[in-house]
Amino acid sequence: MIAITDLIFEYPGHRALDGISLEIPAGSVTALVGPNGAGKSTLLRCLAGLEQPLSGQVRVRGIDVAAQPRQVHRYLGYLSDFFGLYERLTVAQGLEYAARAMGLERHAAQARVPQVAQQLDLLPLLERLPSQLSRGQRQRLAIGQAIIHQPAVLLLDEPASGLDPEARSDLAALLRQLQAQGMTLIVSSHILSELDEYCTHLLALRGGQVESHGALRANRDDAPQLQLFALELGQSLPLEQLRALVDADSVQDWGGGDQPLLLWLPAAAAQRAALLMQWVRAGLPVAGLYPQRESVQQRYIRRLPHTKEGAP
Ligand SMILES: Nc1ncnc2c1ncn2[C@@H]1O[C@H](COP(=O)(O)OP(=O)(O)OP(=O)(O)O)[C@@H](O)[C@H]1O
């Protein structure tokens, strides 16, 4: 869906993106993470055609963003970290204006307004001005304007910043809904745990370079025959006792208290069953075993090497 090749971007006297090459698969939701100044916003702006790179190429659906920015904008929605709203337009007018700006005919634009307002829970607020909206409602309006033309790709720069827990949870639900409709999303955030709910891929930048990029998944990249499971115990055991029973190499997280152990176990059911039987015989009080997906945090901490394909 998005192909980036040898992308270099420089601000005067500073190289912000230093040779980025990767592919973002269609239908994926990519968590874009990295420390302050890593280049996240710059990359999103380059993808949106708002910055002209020094060299390299970004293609969205095969279209060169730098060469044909207008055509790409038909397929792309972008929400900046410091987004602005049309303060003199009501919510309904703002949405219609955004639709018209994206090239929709007047009737199509007017028809989209209630659809998007419904999707973003803005229907009761259509006649309000942005100044009469809460932070979360303003955020929803900005996202509404970004998706009014039903883009295939949506780029969101820190969309959850400043939102309360309820608004964050609404945002997560909305992003899941957009993904279910087939949209490809890239979402930057500093809060890794909130990305867990909806992200399928992780892209970590550092110093303008790709530190790691790949799918978040249940299987280990370096040992695909292993899959992540949560093991629930009927009673908590002292760590020394657990260590005596469970091979430390298979442990991702020892849990503790009521927390389950996170283990890399054989993906093959028969092998897993044999192992479990062995543990139960040895006295491990197994109460449940559930397949897990690696979290954004776990993946980030493991700092997996970058693969050019991006979707190992
Ligand atoms: N207009 C500018 N002029 C010069 N340097 C800039 C400009 N904008 C950003 N930079 C620099 O480029 C680098 C990348 O900035 P960018 O905003 O893309 O990082 P980021 O990962 O989004 O950071 P944050 O997490 O703080 O938002 C930083 O070192 C920053 O100081």
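Reference entry: report on the structure contained in this document. (Residues numbered from 1 in each chain as written. Predicted model: local features only at pLDDT ≥ 70, side-chain atom pairs only at ≥ 80, totals over all residues. Heavy atoms only, no water.)

A look at the pattern of salt bridges
Move 1: Counting across every chain of the model gives five salt bridges.
Move 2: The residue Arg 15 makes a salt bridge to Asp 18 at a minimum N-O spacing of 3.3 Å.
Move 3: Residue classification places Arg 15 among the partly exposed positions, given a relative accessible area of 36%.
Move 4: What makes Asp 18 partly exposed here is its relative accessible area of 27%. (Salt bridge = Lys/Arg side-chain N within 4 Å of Asp/Glu carboxyl O. Buried < 20%, exposed > 50% of the residue type's maximum accessible area, 1.4 Å probe, protein only.)

Quick word on the sheet that holds strand S4 (residues 55–60)
Move 1: With antiparallel pairing, the four strands of this open sheet are ordered in space as S2-S1-S4-S5. Since the sheet does not close on itself, it has two edges, and those belong to strand S2 (14–24) and strand S5 (63–64), each with one partner.
Move 2: Set on the sheet, helix H1 (residues 40–47) makes contact with strand S1 (2–11), S2 and S4; between it and S1 the angle comes to about 120°. (Pairing = 2+ DSSP bridges. Helix = DSSP H or I, 4+ residues; strand = E, 2+ residues; numbered from the N terminus. Contact = heavy atoms within 4.5 Å. Axes fitted to C-alpha atoms, helices over the stretch in contact; angles between N-to-C directions.)

A closer look at the nonpolar core
Move 1: With 49 residues, the main nonpolar core has Leu 95, Leu 185 and Leu 195 as its most contacted residues.
Move 2: With six residues, the single largest contributor to this core is helix H6 (residues 165–180).
Move 3: Apart from the residues lying within four places of it in its own chain, the contact partners of Leu 195 are Ala 31, Val 33, Val 187, Ser 189 and Val 296.
Move 4: Counting residues in each nonpolar core, the second largest holds 31 residues, with Ile 20, Leu 76, Ala 152 and Leu 203 among its members. (Core = buried A, V, L, I, M, F, W, Y, C linked by side-chain atoms within 4.5 Å.)

Looking at the site of the ligand
Move 1: Surrounding the ligand, one finds Tyr 11, His 14, Ala 16, Pro 35, Asn 36, Gly 37, Ala 38, Gly 39, Lys 40, Ser 41, Thr 42 and His 190.
Move 2: At 3.1 Å, a side-chain N or O of His 14 approaches an oxygen atom of the ligand.
Move 3: Backbone polar atom of Ser 41 to an oxygen atom of the ligand: 2.9 Å apart, as the coordinates give it.
Move 4: Protein chains shield 61% of the accessible area of the ligand, which is 640 Å² for the free molecule.
Move 5: Put simply, the parts of the chain that give the shell around the ligand at least two residues each are S2 and H1.
Move 6: Looking at the shell around the ligand, the element that brings in the most residues is H1, giving three residues.
Move 7: Its residues assigned to classes, the shell around the ligand shows four nonpolar, seven polar and one charged. (Near = heavy atom within 4 Å. Polar contact = N/O pair within 3.5 Å; in protein donor to acceptor, adjacent residues only side chain to side chain. Areas by Shrake-Rupley, 256 points an atom, 1.4 Å probe, with all protein chains shown as cover. Nonpolar A, V, L, I, M, F, W, Y, C, P; charged D, E, K, R; others polar.)

Quick word on the pairing of strand S12 (residues 223–233)
Move 1: As judged from the six bridges shared by S12 and strand S14 (residues 261–266), these two strands associate in the antiparallel manner. Counted as the bridge partner of Leu 231 is Leu 261 from S14.

Some details on the sheet that holds strand S9 (residues 201–206)
Move 1: Across the sheet, which stays open at both edges, the six strands sit in the order S6-S7-S8-S3-S9-S10 with mixed pairing between neighbours. Looking at the sheet topology across the chains shown, the edges are occupied by strand S6 (76–79) and strand S10 (209–215). With direction set aside, neighbouring strand axes in the sheet form an average angle of 15°.
Move 2: Bridge count between S6 and strand S7 (residues 153–157): four bridges; the pairing is parallel. The partner of Gly 77 across the bridge, within S7, is Leu 154.

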